[in-house]
Amino acid sequence: MNTQKSIVSVHEAGSRHWVGDGFPVRNLFPSNGVGTEISPFLMLDYAGPAAFEPSEKPRGVEEHPHRGFETVTIAYQGSVDHRDSAGNSGTIEPGDVQWMTAASGVVHEEMHGRAFTRQGGVFEMVQLWVNLPAKDKMSAPKYQSITKDRIPAVALGEGASARVIAGELNGARGPAATFTPLHVWDLSMSAGSKAELPLPAGCNTAVVLLRGAVTIAGKALDGEAKLALLSKQGEAVTVEASADSLLLVLSGEPINEPVASYGPFVMNTREEIQQAVRDYHAGKMGRLG
Ligand code: MN
């Protein structure tokens, strides 16, 4: 039997705001003060679930830059059309994941999909920011379009399963290539199910309850948009669901380097941030065509 992790702290969303006119988000870190405890992860916005009326004009976030990290978009309901200055574009449909390495810099837009915009409906999505080590922050931008058919699902006993987006779980390997060792699992549990999750000791680990009711390491958590930080010690955690639940498990080796961040730029020093602002305004991160 593996030694069990314990819950260190539980957090509510620190802010609730709109990103552009398409993403009504609850921010699960860092607006609530959770920061280096969850390195290499930098930010998590939970958008929706929210109903949108049919519209002719796509809603979303227009042209904006990123440098120094990766943006990971996980679509649950509704779709996102994406276009960037590196020439990539596509639609992220429910179940799909987009793993974009901004690294030295990209400019992109993220809008509701055209068909979703016209039809309206419920929109639900997560955007996660993953830091890069200093040595990779100025590497070439990269883009991984991960469709749902490429994401392995691992059964965790009756009524519980995990989609392995990145990392590994019980021998199933996630399709996302990452710069540092980390796991991202999309976990679905039906009421009454129980899952034992093997998680590395020494890593930073969080379980995000998107919605439902669960007991994690003996502590009850229910409702929506909750974050449980787990201890570094221990090699497993037990999750029991008392209602149908949707969770996201994040675990990774911390990047122990200074973080300087300003809006869409996350670097190691103030000077690198100032350079990023200058490079963006000089068009060095490209422009949308
Ligand atoms: Mn963006």
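Below, the structure is looked at part by part. This structure is a prediction, so every number in the text was calculated from the model and none was measured.

**Focus: the overall build of the chain**
Then step 1. Broken down by element type, the chain carries two helices and 23 strands.
Then step 2. Since a compact globule built from 289 residues should have a radius of gyration of about 19 Å, the 18 Å found for the chain is in line with a globular shape.
Then step 3. The 289 residues of the chain split such that 54% are buried.
Then step 4. Looking at the chain alone, contacts between residues at least 24 apart form 72% of all its contacts between residues at least 6 apart.

**Observations concerning the pattern of salt bridges**
Then step 1. Under the defined criterion, the tally for this structure stands at eight salt bridges.
Then step 2. Residue Glu12 is joined to Lys226 by a salt bridge in which the shortest nitrogen-to-oxygen separation is 4.0 Å. Separated by 214 residues along the polypeptide, Glu12 in strand 1 (residues 7-12) and Lys226 in strand 20 (residues 219-230) bring together distant segments of the chain.
Then step 3. For Asp279, the salt bridge is made with Lys284, and the minimal N-O distance between the two is 3.9 Å.
Then step 4. The exposure class assigned to Asp279 is buried, which follows from its relative accessible area of 9%.
Then step 5. Take Lys284: its relative accessible area is 62%, and that puts it in the exposed class.
Then step 6. Several salt bridges share partner residues, and in doing so they unite Arg67, Asp279 and Lys284 into one network.

**Structural notes on the coordination of the manganese ion**
Then step 1. Here the manganese ion is held by the protein donor atoms His64 (NE2), His66 (NE2), His108 (NE2) and Glu110 (OE), which lie 2.1 to 2.3 Å from it.
Then step 2. Positions of the donor residues of the manganese ion, expressed as sequence spacing, correspond to H-x1-H-x41-H-x1-E. Taken together, the positions of His64 in strand 5 (residues 60-66) and Glu110 in strand 10 (residues 106-112) put the pair 46 residues apart, joining distant regions of the chain.
Then step 3. With relative accessibility at 9%, the residue Glu110 sits in the buried group.

**Some thoughts on the pairing of strand 9 (residues 97-101)**
Then step 1. By the criterion of burial, strand 9 is predominantly enclosed, with five of the five residues buried.
Then step 2. Alignment of strand 6 (residues 69-77) against strand 9, held across five bridges, turns out to be antiparallel. Among the inter-strand pairings, Val72 is bridged to a residue of strand 9, identified as Trp99.
Then step 3. Relative to strand 12 (residues 142-146), strand 9 runs antiparallel, the two sharing five bridges. Counterpart to Trp99 in the pairing with strand 12 is Gln144.

What counts, and where the lines are drawn
- Residues numbered from 1 in each chain as written.
- Predicted model: local features only at pLDDT ≥ 70, side-chain atom pairs only at ≥ 80, totals over all residues.
- Heavy atoms only, no water.
- Helix = DSSP H or I, 4+ residues; strand = E, 2+ residues; numbered from the N terminus.
- Rg over C-alpha atoms; globule rule 2.2 N^0.38 Å.
- Buried < 20%, exposed > 50% of the residue type's maximum accessible area, 1.4 Å probe, protein only.
- Contact = heavy atoms within 4.5 Å.
- Salt bridge = Lys/Arg side-chain N within 4 Å of Asp/Glu carboxyl O.
- Donors = N, O, S within 2.8 Å, 3.2 Å for Na, K, Ca; no water.
- Pairing = 2+ DSSP bridges.

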